[in-house]
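The residues making up each chain are set out below.
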Amino acid sequence: MSVSSPGPAPAQSSPAIQLRGLLRHFHNRAGAVTKALDGVSLEVAQGEIFGIVGRSGAGKSTLIRCVNLLERPTQGEVRVLGEDLMLLDDAALRQRRRGIGMVFQHFNLLSSRTVAENVAFPLEVAGVPKAERTARVAEVLGLVGLAQKAENYPAQLSGGQKQRVGIARALAPRPRILLCDEATSALDPETTHDILGLIRQLRDKLDLTVLLITHEMAVVKEICDRVAVMEAGQVLEQGRVFDVFTRPTHPTTRSFIAGTIGHSVPTGTVARLPAPRPGEEKRLLQVLFAGPNSTRAVISEASRRYGIDLDIISGRIDEIAGEPFGLMALAAYGPSTALDEAVAWFEELGLVVTPLAEVI
Ligand SMILES: Nc1ncnc2c1ncn2[C@@H]1O[C@H](COP(=O)(O)OP(=O)(O)OP(=O)(O)O)[C@@H](O)[C@H]1O
């Protein structure tokens, strides 16, 4: 048995992963049903890093486990590299799973084995001859920057190093697809950044397709090309990360994003803002803008059109995958209806307006 790429070569145009109408229902003893997946459809293109984000219980783990059929959907279609996995017998499925590597939150390393032995494990299971195994282990440990640690035991490694071993083990059988199940959730922010950087590098170098699940929008912002936002077993929205961040359509997405790119406005500044005049209101707003509309021009025009005052409290430019977007905190003063009209006009122009209280 060799470690050459498992499974049939895909047609170039077919998506790496296609999920259609997935249902996964769990029945408890009392007869109640949990719809962990309630009609999920999505496609991940070859070479893409696709994120699934959602709160605890949204159905993310169930979904990612359906991709290699560790979890069998109650209904729906799971296609990987164009092939319907649900139609395969056990032996064929075991073989295809070698083409789908998996990385776990808690690394799942065997403590009694060295780093090299952990990485060799899936190759042993696949019956790869020893010499070939040794060469491949050295190669993947080099890829993840752990060549010097081959003879160490997991207990001698930091969390980030353990995850590098987890990634090397997943890559040893030369998968085309890498599933990452909260791969950085047990790591500190700096190590998270390193591991995400490594995953991106490996995607580029090995032409991998990566599907990751996370509860952190910051992870999505840092590494993903596209994202699906999940809640209660359903996909609320999906699209390019830049579009979902700058034009979220669902309140859950907005609240996820708010926590990630939200404003920090000094409380003293807010406290010093003047009170509204009688018959007027004061609203503190965050305005997110991307694309052709310059905010400064939009803000002065809104003042003129609606007879309101708009004071800029703070502003900054952020970016996702090199594409810039602006964030501005505004204090808006005027009659309630005029403020409503101005906000509606901003939104018509494609700006995303959120009460500042929701983002600080
Ligand atoms: N084996 C199971 N038996 C019964 N219910 C389950 C099972 N696995 C998951 N569930 C339920 O399905 C729903 C989705 O769970 P899932 O673990 O997929 O969510 P998640 O988004 O990954 O959350 P977390 O991040 O907390 O793992 C939850 O309500 C969970 O309790």
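Source: prediction; values computed, not measured.

1. Some thoughts on the pairing of strand 6 (residues 100-104)
Then, number 1: The buried count for strand 6 comes to four of five residues, which makes it a mostly enclosed element.
Then, number 2: Looking at chain direction, strand 6 and strand 7 (residues 177-181) are connected through five bridges and run parallel. Looking across to strand 7, one finds that Met 102 is bridged to Leu 179.

2. Quick word on the sheet that holds strand 11 (residues 281-289)
Then, number 1: The four strands lie next to each other as 12-13-11-14, forming an open sheet whose pairing is antiparallel. The open sheet has two edge strands with one neighbour each: strand 12 (309-320) and strand 14 (352-355). Pairwise comparison of adjacent strand axes, ignoring direction, gives a mean angle of 25° for this sheet.
Then, number 2: Here strand 12 runs beside strand 13 (residues 323-334); their pairing, made up of 11 bridges, is antiparallel. If you follow Arg 316 over to strand 13, its bridge partner there is Leu 327.

3. Let's talk about the confidence of the model for the chain
Low pLDDT marks regions whose predicted coordinates should not be analysed in detail.
Then, number 1: A residue-level look at the chain finds 93% of positions with pLDDT of 70 or above and a mean pLDDT of 91.
Then, number 2: Low pLDDT, under 50, characterises residues 1-5; the predicted model gives this stretch 14 contacts beyond four residues in sequence or across chains.
Then, number 3: With a pTM of 0.86, the predicted complex shows an ipTM of 0.97.

4. Let's talk about the domain arrangement of the chain
Then, number 1: What the domain assignment lists for the chain is domain 1 (17-248) and domain 2 (262-358).
Then, number 2: Each of domain 1 and domain 2 has a C-alpha centre, and these two points are 40 Å apart.
Then, number 3: Ranked by residues supplied to the side of domain 1 that touches domain 2, first place goes to helix 8 (residues 241-246) with four residues.
Then, number 4: Looking at the side of domain 1 that touches domain 2 residue by residue, the class counts come to four nonpolar, one polar and two charged.

5. Things to note about the UniProt feature "domain: ABC transporter" (unreviewed entry) in the chain
Then, number 1: Listed under "domain: ABC transporter" (unreviewed entry) in the UniProt record, and renumbered for this structure, are residues 17-257.
Then, number 2: Between the C-alpha atoms that bound residues 17-257 the distance is 26 Å, and the span itself is 38% helix and 27% strand.

6. Focus on the sheet that holds strand 9 (residues 226-231)
Strands in a sheet are paired, the pairing made by backbone hydrogen bonds, and the direction either parallel or antiparallel.
Then, number 1: Within the open sheet, the six strands sit side by side as 6-7-8-3-9-10. Their pairing is mixed. At either margin of the open sheet sits one strand with a lone partner, and together these are strand 6 and strand 10 (234-240). Taking each pair of neighbouring strands and ignoring which way they run, the sheet shows an average axis angle of 15°.
Then, number 2: Inspection of the sheet shows strand 3 (residues 49-54) paired to strand 9 by five bridges, in the parallel sense. Residue pairing in the sheet places Ile 52 in a bridge with Ala 228 of strand 9.
Then, number 3: Running over the sheet, helix 5 (residues 159-171) touches strand 6 and strand 7 and is turned about 165° from strand 6.

7. Structural notes on the site of the ligand
Then, number 1: Around the ligand sit Phe 26, Thr 34, Ala 36, Gly 54, Ser 56, Gly 57, Ala 58, Gly 59, Lys 60, Ser 61, Thr 62 and His 215, and those are all the residues in its vicinity.
Then, number 2: For the shell around the ligand, the secondary-structure elements that each account for two or more residues are strand 2 (33-44) and helix 1 (60-67).
Then, number 3: Its residues assigned to classes, the shell around the ligand comprises three nonpolar, eight polar and one charged.

8. A few points about the packing of helix 3 (residues 115-125) against helix 5
Then, number 1: With their axes 7 Å apart at the nearest point, helix 3 and helix 5 run at an angle of 30° to one another. Regarding the angle of helix 3 to helix 5, the classification is roughly parallel. Pair helix 3 / helix 5 crosses with right-handed handedness. The segment helix 3 lies against helix 5, with Val 115, Asn 118, Val 119, Phe 121 and Pro 122 engaging Val 165, Ala 168 and Arg 169.
Then, number 2: Residues of the contact of helix 3 with helix 5, tallied by class, amount to six nonpolar, one polar and one charged.

9. Considering helix 9 (residues 251-261)
Then, number 1: Thr 253, Phe 256, Ile 257 and Ala 258 are the residues of helix 9 that are buried.
Then, number 2: Of the surrounding secondary structure, the elements contacted by the buried residues of helix 9 are strand 3, helix 7 (217-223), strand 9, strand 10, helix 8 and strand 14.

10. Some points on the nonpolar core
Then, number 1: The biggest cluster of nonpolar side chains holds 76 residues, and the ones touching the most others in it are Val 67, Val 119, Ala 168, Leu 179, Val 210 and Leu 211.
Then, number 2: Of all hydrophobic cores here, the second largest spans 19 residues; its members include Ala 302, Tyr 333, Leu 339 and Phe 346.

11. A closer look at the packing of helix 5 against helix 6 (residues 189-206)
How two helices pack is summed up by the angle between their axes together with the distance between the axes.
Then, number 1: Axis separation between helix 5 and helix 6 bottoms out at 10 Å; the angle between their running directions is 20°. Here helix 5 is positioned roughly parallel relative to helix 6, judged by the angle of their axes. For helix 5 against helix 6, the interelement crossing comes out right-handed. Contacts between helix 5 and helix 6 pair Gly 159, Gly 160, Gln 163, Arg 164, Ile 167 and Leu 171 from the former with Thr 191, Asp 194, Ile 195, Leu 198 and Leu 202 from the latter.
Then, number 2: Residues of the contact of helix 5 with helix 6, tallied by class, amount to five nonpolar, four polar and two charged.

12. Comments concerning the environment of Lys 205
Then, number 1: Here Lys 205 shows up in helix 6.
Then, number 2: Considering only alpha carbons, one finds Lys 205 and Ile 317, 112 residues apart in sequence, at a separation of 31 Å.

Criteria and thresholds
- The numbering scheme is per chain: residues are counted from 1 as the chain's sequence reads.
- Local features in this predicted model are restricted to residues whose pLDDT is 70 or higher, and side-chain atom pairs enter the listing and the counts only when it is 80 or higher, whereas totals over whole chains, interfaces and linings include all residues.
- Buried residues are those with 20 or more other C-beta atoms within 10 Å of their own C-beta, exposed residues have 12 or fewer, and partly exposed residues lie in between; C-beta atoms are placed from the backbone.
- Counting from the N terminus, the helices are the DSSP runs of H or I reaching at least four residues and the strands are the DSSP runs of E reaching at least two.
- Two strands make a pair as long as DSSP finds a minimum of two bridges between them.
- For every element, the axis is a line fit to its C-alpha atoms; helices are fit only across the contacting stretch, and the angle between N-to-C directions ranges from 0 to 180 degrees.
- Every residue gets a pLDDT, meaning the predictor's confidence in that residue, from 0 to 100.
- The contact rule is simple: place each C-beta atom from the backbone, and if two of them lie within 7 Å, those residues are in contact.
- An automatic or database domain assignment supplies the residue ranges for each domain.
- Under the grouping applied here, Gly and all other residues not named as nonpolar or charged are polar, the nonpolar ones being Ala, Val, Leu, Ile, Met, Phe, Trp, Tyr, Cys and Pro and the charged ones Asp, Glu, Lys and Arg.
- UniProt positions are given in the numbering used here, feature names are shortened, and annotations may be inferred rather than shown by experiment.
- Working rule for contacts: place C-beta from the backbone, and if it is within 6 Å of a molecule or strand, that residue counts as near it.
- If an angle is under 35 degrees, it is roughly parallel; if it is over 145, roughly antiparallel; if it lies from 65 to 115, roughly perpendicular; otherwise it is oblique.
- When the near helix sits turned anticlockwise from the far one by under a right angle, the crossing is termed left-handed; a clockwise turn instead gives a right-handed crossing.
- Note on terminology: a nonpolar core is any set of buried Ala, Val, Leu, Ile, Met, Phe, Trp, Tyr and Cys residues joined through C-beta atoms within 7 Å.

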